[in-house]
Structures are given as C-alpha cells and as structure tokens.
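Now for the letters of each chain:
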Amino acid sequence: MRMSYRCILIESRERVALITLNRPEALNALSDELMDELGTAIAEFDGDDGIGCLVITGSDKAFAAGADIKELQAQNFFDVFRRDFPSAAGWSAARRARKPIIAAVAGYALGGGCELAMACDLIIAADTARFGQPEITIGTMPGAGGTQRLARAVGKSKAMELCLTGRLMDAAEAERAGLVSRVVPAAELLAEAQQTAATIASHSLPITMMIKEAVNEAFETGLREGLQLERRLFQSTFATEDHKEGMAAFVAKRAPKFKHR
Ligand code: HXC
C-alpha cells in the first residue's frame, strides 16, 4: 500500500477507507497529479480485503472546484486529444471500483468536481454544498460525464439549464432533484458519511458488490437487459454462504455473521 501522497490524505478506520482531496490552495482543483493519486488510492483500497466501503471527501469550502484550469489553460486540442483527456485511470477509478464509494460533499463541487462526485455510487451533501457545471463560463464544456450523468440524475431540463448557464445548485435543490441521497448539517457530514459507509461495510461483501453492479447497470443499459442482469445476480446470491447465513440468522432471530465482509 502506497502511504505517501502529495494531493490527497488517506486513512482507514475499521472497514471504511477515507480519501480526502487536499489541495486547499486551489480549492482541490483536480490536477493530473491529484487524479493519478486518487486512482492509485481507490484501486488499492478496492483491492484491500480489510476494506468494505470508501468515502471521498474534500474540505469545508470545496469538495473540488473542477479540473485544474491552470493546467488546462496551456493545452491545445491535440494535447488533450492525444492523451484522450480525461480518460486517465483516476477519472474512471470510482466507476471501475467494485466496492461502493460515497462522495461526502461540502462546499463547491463544480465541473470535474461535480463529475467526480457523480462517478461515485452515492452522494451525501452538507447543507453548504453547491453543485454545478460552469465550464461554459470558461469556454469549454463538461468532459468527464457531466452532460450524461447529470442528465440521468436530474433530468433533461435541469441538466440543460445547469450546463448551458453555469448556474450553481444548492444542496436543497440538489436533494429535490435527486442528485444527492440526503443533506446533513456541515458539521455532521463526515460522521454521517462514515456511519453510512460502516453500515454498508458490515454487510456481505460479495452481495454488496453485486448490488453496486446492478444499480450502476440501470444507467448503462435498457430496462430489459438491466432486469435480466438483476435477476441473474439475485439468483447468484443463493450460491453464496452469506445468503445461507443471512437467512438462517433471520429465522433464528440472531445477528448474521457474514463470512465475506
Ligand atoms: C485551478 C482553481 C480552480 C480551478 C479555484 N482555483 N478553482 N485553480 N483550477 N478549477 C484557485 C483560484 O485560482 C485561487 O487561487 C484559489 O483556488 C481560490 O479560488 P478563488 O476563486 O479565489 O475563490 P472564491 O472567490 O471563493 O471562488 C470560488 C469559486 C471559483 C467560485 C469556486 O474559484 C471558481 O469559479 N473556480 C472555477 C470553477 C470552474 O470553472 N470549474 C470548472 C473547471 S473546468 P489563487 O492562486 O488565485 O489564490 C472543468 C472541466 C472538467 O472542470 C472536464 C473533465 C475533467
């Protein structure tokens, strides 16, 4: 496990990993270096048997204010086309991870920051959170899923409006629109996210992974294929020891002791 990073902080408690974006001088702008480190940390925690759920957070002021504009400023079309930016591992790490990832968002989650939060499996927001895709105001557009994931999360009209005007949405609006699972007071954000992560990590890991895969499939495929995958995964749970343990424990009125957590 790599322990020293420059742009993120990592820690783990029990079965929950916490990754904190840590470039306060740039409101956690997502530089190439930060995204490389994030990709490495996510992959390592995802492969760590002692971890059942990950939380990604930022600071009180910003989850992340977007891709690093100072890095992007110097680049031309062929620079970004040649390296297929932002296809680098960090940008797809949350999507590729098999274990659930919670984005705990306070302050600004803008541009690539909003896209990173949406690439996670669920978003818990502080009442100070502000989401937006303001790329239009600096002469570009969302490039890491903003037009696609935001449209699926909040519907066409609101996604269009946010992407076309650059308007920011506060936490209450984001909750009404279905972008975030819930809003909590800022002072309680991390504890709430870690508690939710601990609950997730207390369940059967193989079945947790199947559920993550099935729900994500809802955003990638049609209803018929999604229902088919869900049914097959549901049937597969019957092949696991944790299924037998979970049902036996319920019938015996005791707490389950899952083998694979
Ligand atoms: C680089 C950034 C940055 C960013 C803020 N900073 N956002 N640096 N990239 N995205 C830096 C500022 O330059 C400044 O550095 C310091 O962080 C504090 O920011 P301020 O602007 O002084 O803070 P404030 O007045 O509170 O305004 C906060 C803000 C504003 C509203 C969030 O910083 C802002 O509009 N940021 C850009 C948001 C944005 O357009 N994001 C989309 C980026 S494009 P100094 O050195 O001056 O103190 C994108 C494309 C994704 O994400 C495509 C796929 C990856």
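What you are looking at is a predicted structure, and each value in this text was computed from that prediction instead of being measured.

(A) Just the packing of aromatic side chains, in detail. This structure, assessed with the given rule, holds two aromatic pairs. Ring centres of F77 and F81 lie 5.0 Å apart, and the angle between their planes is 20°; on these two criteria the pair is classed as stacked. Of this pair, F77 and F81 both sit in helix α3 (residues 77-82), four residues apart, which is roughly one turn of that helix. By relative accessible area, which is 61% here, F77 ends up exposed. Residues F234 and F238 carry aromatic rings whose centres are separated by 5.2 Å and whose planes lie at 75° to one another, so their mutual orientation is edge-to-face.

(B) Structural context of the confidence of the model for the chain. Predicted confidence across the chain gives a mean pLDDT of 96, with 100% of residues reaching 70 or more. ipTM for the predicted complex: 0.98, alongside a pTM of 0.96.

(C) Spatial organisation of unusual backbone geometry. F85 connects to P86 through a cis peptide bond whose omega is 5°. Its place among the elements puts P86 in the loop between α3 and α4 (89-96). One non-glycine residue, K253, lies in positive phi territory at about 55°. Relative accessible area serves as the criterion here: at 79%, K253 is assigned to the exposed category.

(D) Layout of the pairing of strand β1 (residues 8-13). Bridge analysis of β1 against strand β2 (residues 16-21) gives six bridges, and the strand direction is antiparallel. In the sheet register, L9 faces β2, and the bridge partner there is T20. Counting the residues between successive antiparallel strands, the hairpin from β1 to β2 contains two residues, one of them, E14, with a positive phi of roughly 50°.

(E) Inspection of the sheet that holds strand β9 (residues 169-170) at higher detail. If you trace the four strands from one edge of the open sheet to the other, you get β4-β6-β8-β9, paired in mixed fashion. Each of the sheet's edge strands pairs with one partner strand only, and the pair in question is β4 (62-64) and β9. Sheet analysis places strand β6 (residues 108-110) next to strand β8 (residues 130-132), joined by three bridges and oriented parallel. Residue Y108 lies in a different strand from β8, and its bridge partner there is R130.

Definitions and limits used
Residues numbered from 1 in each chain as written. Predicted model: local features only at pLDDT ≥ 70, side-chain atom pairs only at ≥ 80, totals over all residues. Heavy atoms only, no water. Phe/Tyr/Trp six-rings, centres within 6.5 Å; stacked < 30°, edge-to-face > 60°. Helix = DSSP H or I, 4+ residues; strand = E, 2+ residues; numbered from the N terminus. Buried < 20%, exposed > 50% of the residue type's maximum accessible area, 1.4 Å probe, protein only. pLDDT = per-residue confidence, 0-100. Pairing = 2+ DSSP bridges.

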